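Given next are the chains, with one letter for each unit.
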Amino acid sequence: MTAKVIDGKAFAANVRAQVADHVARLKADHGITPGLAVVLVGEDPASKVYVKNKHASTIEVGMSSFEHRLPAETGEAELLALIDKLNADPAVHGILVQLPLPGHLNSELVINRIDPAKDVDGFHISNVGLLGTGQKSMVPCTPLGCLMMLRDHHGKLAGLNAVVVGRSNIVGKPMAQLLLGDSCTVTIAHSRTKDLAEVCKRADILVAAVGRPEMITGDMVRPGATVIDVGINRIERDGKAKLVGDVHYESAAAVAGAITPVPGGVGPMTIACLLANTLTACCRANGLAEPKGLTA
Ligand code: NDP
């Protein structure tokens, strides 16, 4: 194996420590405690685990955590009223509505009701537009985490060829915008892309956000490239449950220069960046300098 393993777990621990440091200083110097409100509607088991982890991480860095668990049958008006209340609450600097919402609720309508300044997931249409036009915004957590790891590994990204496989609104598209913002030459590939292997092989930076277990294999990776595997796929192998990425790790690591593992790569960075975004939102709301190195 030749590739350097990018340790997302250690990187995320470092980001969380930096956030905790800033939070302590905000409290000591200004008497301000950043607060994150998480809204969970329904009983989706995976969502419940995510919300629990977010709560624990928020408390751990010294922030206030406000959890709102609503029954699956909650109506639109009731949910929107809660968001209005959180928008108006000065103790709440970040609002996250856990997705997916139950089918009878319109996710777009709900997300776009969040005050864009408190939209720590970066999914509000205003933040999407600000990112797309290169302006200061709240940036989606998963691509922000990928960007931080890439900057750390490469230093400057300008001029590098980046290929993002996947064009979802939560990962692929914002990832491509962020890489463009750092002056990469960006290609976005998707299910209709012709000769995906050839496209991937041009990449100095290859980001896989496809949702297909181990689809990107070593023969699609340019020797020495940096491979960021966003995928989280639960599969069964040899009768055992296993978590794998969108990249076939062994074959890709044999040719790549650096690679993120699954688990322990991009995954831990997502919650760390949620905390970083909450801190950023709090600093902006109070007219204070933003934390360095924790924003796009
Ligand atoms: P989506 O299903 O929304 O998007 C998948 C994208 O992959 C689509 O753009 C699709 O193309 C493209 N695609 C599908 N099949 C192929 C193919 N054969 N060749 C090329 N492109 C293909 O997924 P998400 O973006 O939400 O998530 C992607 C992965 O990242 C998943 O494994 C998910 O679990 C993981 N994830 C991990 C997070 C983390 O914290 N680490 C956070 C969020 C997601 P098209 O548009 O043409 O259909």
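What this report covers is the structure whose coordinates are included nearby. Fair warning: this is a prediction, and the values are worked out from it, not measured in the lab.

Regarding the overall build of the protein chain
Right, on to step 1. Within the protein chain, the secondary structure is distributed over ten helices and eleven strands.
Right, on to step 2. The C-alpha atoms of the protein chain give a radius of gyration of 19 Å, which matches the 19 Å a tight globule of 296 residues would have.
Right, on to step 3. Overall, the C-alpha framework of the protein chain stretches about 50 × 45 × 35 Å when taken along its three principal axes.
Right, on to step 4. Within the protein chain, buried positions represent 48% of all 296 residues.
Right, on to step 5. A separation threshold of at least 6 residues defines the contact pool for the protein chain, and within that pool the share at least 24 residues apart is 67%.

What about the packing of helix H1 (residues 8-30) against helix H10 (residues 266-285)?
Right, on to step 1. Where H1 contacts H10, the two axes come as close as 8 Å, and the packing angle between them is 20 degrees. Judged on the interaxial angle alone, H10 and H1 are roughly parallel. Here H1 runs over H10; the crossing is left-handed. From H1, Gly8, Lys9, Phe11, Ala12, Val15, Arg16, Val19, His22, Val23 and Leu26 reach across to H10, where they touch Pro268, Met269, Ala272, Leu275, Ala276, Leu279, Cys282 and Cys283.
Right, on to step 2. Residues of the contact of H1 with H10, tallied by class, amount to 14 nonpolar, two polar and two charged.

Quick notes on the pattern of salt bridges
Right, on to step 1. Using the criterion set out here, one finds eleven salt bridges in the structure.
Right, on to step 2. Here the residues in one salt-bridge network are Lys136, Arg284 and Glu290, joined through shared partners.

Focus: the pairing of strand E9 (residues 233-237)
Right, on to step 1. By the bridge criterion, five bridges tie E9 to strand E10 (residues 240-244) in an arrangement that is antiparallel. From the neighbouring strand, Arg234 faces E10, where its bridge partner is Leu243.
Right, on to step 2. Hairpin connection from E9 to E10: two residues lie between these consecutive antiparallel strands, with Asp238 at a positive phi of about 50 degrees.

Observations concerning the pairing of strand E5 (residues 161-165)
Right, on to step 1. For E5, a buried count of four out of five residues is recorded, marking the element as mostly surrounded by other parts of the structure.
Right, on to step 2. Bridge count for E5 against strand E6 (residues 185-189) is five bridges, and the pairing is parallel. In the sheet register, Val165 faces E6, and the bridge partner there is Ala189.
Right, on to step 3. Between E5 and its parallel partner E6, the chain crosses via helix H7 (residues 172-181), and the hand of that crossover is right-handed.
Right, on to step 4. Bridging between E5 and strand E7 (residues 205-208) involves four bridges; their strand directions are parallel. Directly across from Val165, in E7, lies its bridge partner Ala208.

Looking at the nonpolar core
Right, on to step 1. Counting 54 residues, the largest nonpolar core has Val19 and Leu179 as the members making the most contacts within it.
Right, on to step 2. For this core, the secondary-structure elements that each account for two or more residues are H1, strand E2 (35-41), helix H6 (141-154), E5, H7, E7 and H10.
Right, on to step 3. Ignoring anything within four residues of it in the chain, the contact list for Val19 reads Val61, Met63, Leu275, Ala276, Leu279 and Leu294.
Right, on to step 4. If you look at the next biggest cluster of nonpolar residues, it comprises 20 residues, including Leu196, Ala208, Ala225 and Val227.

Considerations on the site of the ligand
Right, on to step 1. Neighbouring the ligand are 23 residues, the closest being Arg167, Ser168, Ser191, Arg212 and Thr270.
Right, on to step 2. One of the side-chain N or O atoms of Arg167 is found 2.7 Å from an oxygen atom in the ligand.
Right, on to step 3. In this structure, an oxygen atom belonging to the ligand sits 2.5 Å away from a side-chain N or O atom of Ser168.
Right, on to step 4. Contact with the protein chains removes 70% of the 940 Å² of surface that the ligand exposes when unbound.
Right, on to step 5. Residue composition of the shell around the ligand, by class: ten nonpolar, ten polar and three charged.

About the cut-offs
- Residues numbered from 1 in each chain as written.
- Predicted model: local features only at pLDDT ≥ 70, side-chain atom pairs only at ≥ 80, totals over all residues.
- Heavy atoms only, no water.
- Helix = DSSP H or I, 4+ residues; strand = E, 2+ residues; numbered from the N terminus.
- Rg over C-alpha atoms; globule rule 2.2 N^0.38 Å.
- Buried < 20%, exposed > 50% of the residue type's maximum accessible area, 1.4 Å probe, protein only.
- Contact = heavy atoms within 4.5 Å.
- Axes fitted to C-alpha atoms, helices over the stretch in contact; angles between N-to-C directions.
- Parallel < 35°, antiparallel > 145°, perpendicular 65-115°, else oblique.
- Left-handed = near helix turned anticlockwise from the far one by under 90°.
- Nonpolar A, V, L, I, M, F, W, Y, C, P; charged D, E, K, R; others polar.
- Salt bridge = Lys/Arg side-chain N within 4 Å of Asp/Glu carboxyl O.
- Pairing = 2+ DSSP bridges.
- Right-handed = clockwise from strand over helix to strand, strands pointing away.
- Core = buried A, V, L, I, M, F, W, Y, C linked by side-chain atoms within 4.5 Å.
- Near = heavy atom within 4 Å.
- Polar contact = N/O pair within 3.5 Å; in protein donor to acceptor, adjacent residues only side chain to side chain.
- Areas by Shrake-Rupley, 256 points an atom, 1.4 Å probe, with all protein chains shown as cover.

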